[in-house]
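Read off the chains here:
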Amino acid sequence: MIEIAPYTGYVYPNETIIPWGVLIVIYPYLTGLVAGAFTVSSLYHVFGMQQFKPVARLALLTSLSVMIFVPTPLLLHLGHPERAHYSMITPHLTSAFAMFGFFAAFYTILLILEVWFVFRIDNVARAQNSTGLARIFYRTVTLWSDDISPRARAIDSKLLLILAIVGIPSAHGLHGYIGFVYGSLKARQWWESDLMPIIFLFSAIVSGIALLMVL
Amino acid sequence: MDNDRKKTERRKFLCATGKAIAGLGVVASGGSLLARGANKADAKTPADGITGSFPTPEYDWTKHRWAYGIDATKCIGCLRCVEACKAENGVAADAHHFRTWVERYVRLEGEDKTHIDSHADPRNIAASGSESEYRFDNRYNNEKVTKAFFVPKMCNHCVHPPCVQVCPVGATFRTEDGVVLIDHDYCIGCRYCVQACPYGARFFSEEKGTSDKCTWCYHRITKGLKPACVEVCPTGTRVFGDLNDSSSPISEFIRDNRVQVLKPETGNAPMCFYIGLDKDVL
């Protein structure tokens, strides 16, 4: 055994239990998909690559729907999920984990705003062309605004551009910080690396594109 | 004109919504802070502005600087310390949760590697009959042993603890008298600290739903008693005392021996001092 795998051998008794199980694996997996899908949508929204126009909206929606589920595996992982908000009320600033709440909350709000602006004009049209409950629903979704004048559209697209530009660092911050969570653990030699955030980001972009291909 | 009216309405709506959300946020966070303040008052934690006497009126944690010594040359591997610790602190009675444990290092003739085993080793569990009893098996009975020794391990209560650094809520902390503790009423159970400890000294307590670790029996030492493991050690392997007192056992231990610490390269500055370690000790 020692010849095939020279670094196997004794482990401390407490470390025979793996503290971070599959839930901590699912969490960066999901944020990777979020960041990757968002990157694809921003290729069109920010960098104007027309070839990504057909998937830009789908990518954005994918990003939002996965993002809403991101905190779930983390909450299920915690020994005391009911205390999860402590990390936002009393964050311990030297801990990488303390930043999760802020990154995730900021980015989720940003995604909701961006999705709202992207689909606003379509929803206004739907509200005007439907009746009854559907009309009430679409009116609510558009927040009772039916302004689709060229001026309003110009404001919309300007806001969209700003949101998308702010979104790129926040999406990559959300995922890159998980790389930092692992990379900053000096007790784990297989993880400890300054390049962990970079590795995470590149695999995120690849996996996000892959998810869009599947969808 | 119609457009402008709509715009004004939208602005009003957005302003009102924004104010409402901000107001809710302030109320919510204020409420939580108040609740936390109230909890603090009950639990008498240091942030209450208690400067001297803590945690009991008779004990002043600024007057002590605790440290621990382990003489590995004296340990006979009887594991009384492990059993005493589990009984004293209510640690789960299995082979995977330890506040302190003992490792056996054996070198056999003609080999140039060291055999290491401890309580989680399946052969030791089989030898003791159950996971709630601890003993080392006789696997080296028919071997030619050239060198063998035991090394008791536990939390090193580092001066720069990496576990405290990574706690997202600050539930784990280093006290004024040099003990690293966990606030079990505040720990969220994320296990980041378990990952961060290079000594494997922390573990996750499934019963409490929080991380758990050695406290140097803080409930005992603040009353002038010794930690349970030191109390029961039959050979004087384990030494505990106050570095501020130059005649305490630990001060003499450090003065009379050439001591070393585990993994000094991590920069954690452990407060557990060893003598009689070998190059293979992890």
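Residues numbered from 1 in each chain as written. Chains lettered and ligands numbered in written order. Predicted model: local features only at pLDDT ≥ 70, side-chain atom pairs only at ≥ 80, totals over all residues.

### Considerations on the overall build of chain A
And then number 1: Along the backbone of chain A there are eight helices and zero strands.
And then number 2: Along its sequence from the N terminus, chain A presents helices and strands in the succession α-α-α-α-α-α-α-α.
And then number 3: Each of the three principal axes of chain A carries a C-alpha extent, and together these read 70 × 40 × 30 Å.
And then number 4: Counting across all 215 residues of chain A, residues that qualify as buried make up 30%.
And then number 5: At a minimum sequence separation of 6, the contacts of chain A that also span at least 24 residues come to 68%. (Helix = DSSP H or I, 4+ residues; strand = E, 2+ residues; numbered from the N terminus. Buried ≥ 20, exposed ≤ 12 C-beta atoms within 10 Å, placed from the backbone. Contact = placed C-beta atoms within 7 Å.)

### Focus on the overall build of chain B
And then number 1: Across its full length, chain B carries eight helices and 10 strands.
And then number 2: Considering only intrachain contacts with a sequence separation of at least 6, the fraction spanning at least 24 residues in chain B is 59%.

### Description of the sheet that holds strand 1 (residues 66-71) of chain B
All names here are of chain B.
And then number 1: Here we have three strands laid out as an open sheet, ordered 9-1-10, and mixed in their pairing. Among the strands making up the open sheet, the edge pair consists of strand 9 (238-242) and strand 10 (272-275). Going across the sheet, the axis of each strand differs from the next one's by a mean of 20°, ignoring polarity.
And then number 2: Two elements, strand 1 and strand 9, share five bridges in a ladder whose sense is antiparallel. (Pairing = 2+ DSSP bridges. Axes fitted to C-alpha atoms, helices over the stretch in contact; angles between N-to-C directions.)

### Notes on unusual backbone geometry
Residues and elements named next belong to chain B.
And then number 1: At His157, a position not held by glycine, the phi torsion is positive, near 45°.
And then number 2: Along the polypeptide, His157 turns up in the loop between strand 4 (145-154) and helix 4 (162-166).
And then number 3: The exposure class assigned to His157 is buried, which follows from the 25 C-beta atoms found within 10 Å.

### Remarks on the confidence of the model for chain B
Regions with low pLDDT carry predicted coordinates that are not meant to be interpreted in detail.
Residues and elements named next belong to chain B.
And then number 1: Taken as a whole, chain B shows an average pLDDT of 85; of its residues, 80% reach a score of 70 or greater.
And then number 2: Low pLDDT, under 50, characterises residues 30-51; the stretch is placed with 10 contacts to residues that sit more than four places away or in other chains.
And then number 3: In the predicted complex, the global pTM is 0.80; the interface-specific ipTM is 0.85. (pLDDT = per-residue confidence, 0-100.)

### Considering the sheet that holds strand 3 (residues 114-117) of chain B
All names here are of chain B.
And then number 1: Read across the open sheet, the three strands follow the order 3-2-4; overall the sheet is antiparallel. In the strand order of this sheet, the two ends are held by strand 3 and strand 4, each with one partner. Strand-to-strand twist of the sheet, defined as the mean angle between neighbouring strand axes without regard to direction, takes the value 20°.
And then number 2: As paired elements, strand 2 (residues 100-108) and strand 4 share nine bridges and run antiparallel to each other. Its bridge partner lying in strand 4, Leu108 is registered against Val145.
And then number 3: Its contacts with the sheet place helix 2 (residues 80-89) against strand 2 and strand 4, and it is angled at close to 160° to strand 2.

### Things to note about the interface of chain B and chain A
And then number 1: Across the contact, 44 residues belong to chain B and 34 residues belong to chain A.
And then number 2: Broken down by secondary-structure element, the contributors of at least two residues to the side of chain B that touches chain A are helix 1 (2-43), strand 3, helix 4, helix 5 (192-196) and strand 7 (203-205) of chain B.
And then number 3: Ranked by residue count, the leading element in the side of chain B that touches chain A is helix 1 of chain B, at six residues.
And then number 4: Considering only residue class, the side of chain B that touches chain A consists of 23 nonpolar, 15 polar and six charged. (Nonpolar A, V, L, I, M, F, W, Y, C, P; charged D, E, K, R; others polar.)

### Details of the environment of Phe203(B)
And then number 1: Mapped onto the fold, Phe203(B) is located in strand 7.
And then number 2: Accessibility expressed as a C-beta count within 10 Å gives 25 for Phe203(B), which makes it buried.
And then number 3: Leaving out residues up to four positions away in the same chain, Phe203(B) has contacts with Asn14(A), Ile17(A), His97(B), Val194(B) and Asp212(B).

### Section: helix 6 (residues 132-141) of chain A
For the α-helix, the turn length of 3.6 residues means that residues three or four positions removed from each other point alike.
And then number 1: Little of helix 6 of chain A sits inside the fold, with zero of its 10 residues counted as buried.
And then number 2: Of the residues trailing helix 6 of chain A, Leu143(A) is marked for its positive phi of about 55°.

### A look at the nonpolar core
And then number 1: Of all hydrophobic cores here, the largest spans 92 residues; its most connected members are Val34(A), Tyr68(B), Val82(B), Cys163(B), Cys167(B) and Cys193(B).
And then number 2: Ranked by residue count, the leading element in this core is helix 1 (residues 22-45) of chain A, at 11 residues.
And then number 3: Not counting residues up to four positions away in its chain, the partners in contact with Val34(A) are Ser63(A), Val66(A), Met67(A), Val70(A) and Ala171(A). (Core = buried A, V, L, I, M, F, W, Y, C linked by C-beta atoms within 7 Å.)

### A short note on the confidence of the model for chain A
And then number 1: On average, residues of chain A carry a pLDDT of 89, and 96% of them reach 70 or more.
And then number 2: When mean pLDDT is taken per element in chain A, helix 3 (residues 71-77) of chain A scores highest with 93 and helix 6 of chain A scores lowest with 88.

### Describing the packing of helix 7 (residues 150-183) of chain A against helix 8 (residues 196-214) of chain A
In a packed pair of helices, the relevant descriptors are the angle between the two axes and the axis-to-axis distance.
All names here are of chain A.
And then number 1: It is at 7 Å that the axes of helix 7 and helix 8 come closest, and there the two elements cross at 135°. Considering their axes alone, helix 7 and helix 8 lie oblique with respect to each other. Relative to helix 8, helix 7 is oriented so that their crossing is right-handed. Contacts between helix 7 and helix 8 involve His172, His175, Gly176, Ile178, Gly179, Phe180, Tyr182 and Gly183 from the former and Met196, Pro197, Ile199, Phe200, Leu201 and Ala204 from the latter.
And then number 2: Each residue belonging to the contact of helix 7 with helix 8 can be placed in one class, and the counts come to nine nonpolar, five polar and no charged. (Parallel < 35°, antiparallel > 145°, perpendicular 65-115°, else oblique. Left-handed = near helix turned anticlockwise from the far one by under 90°.)

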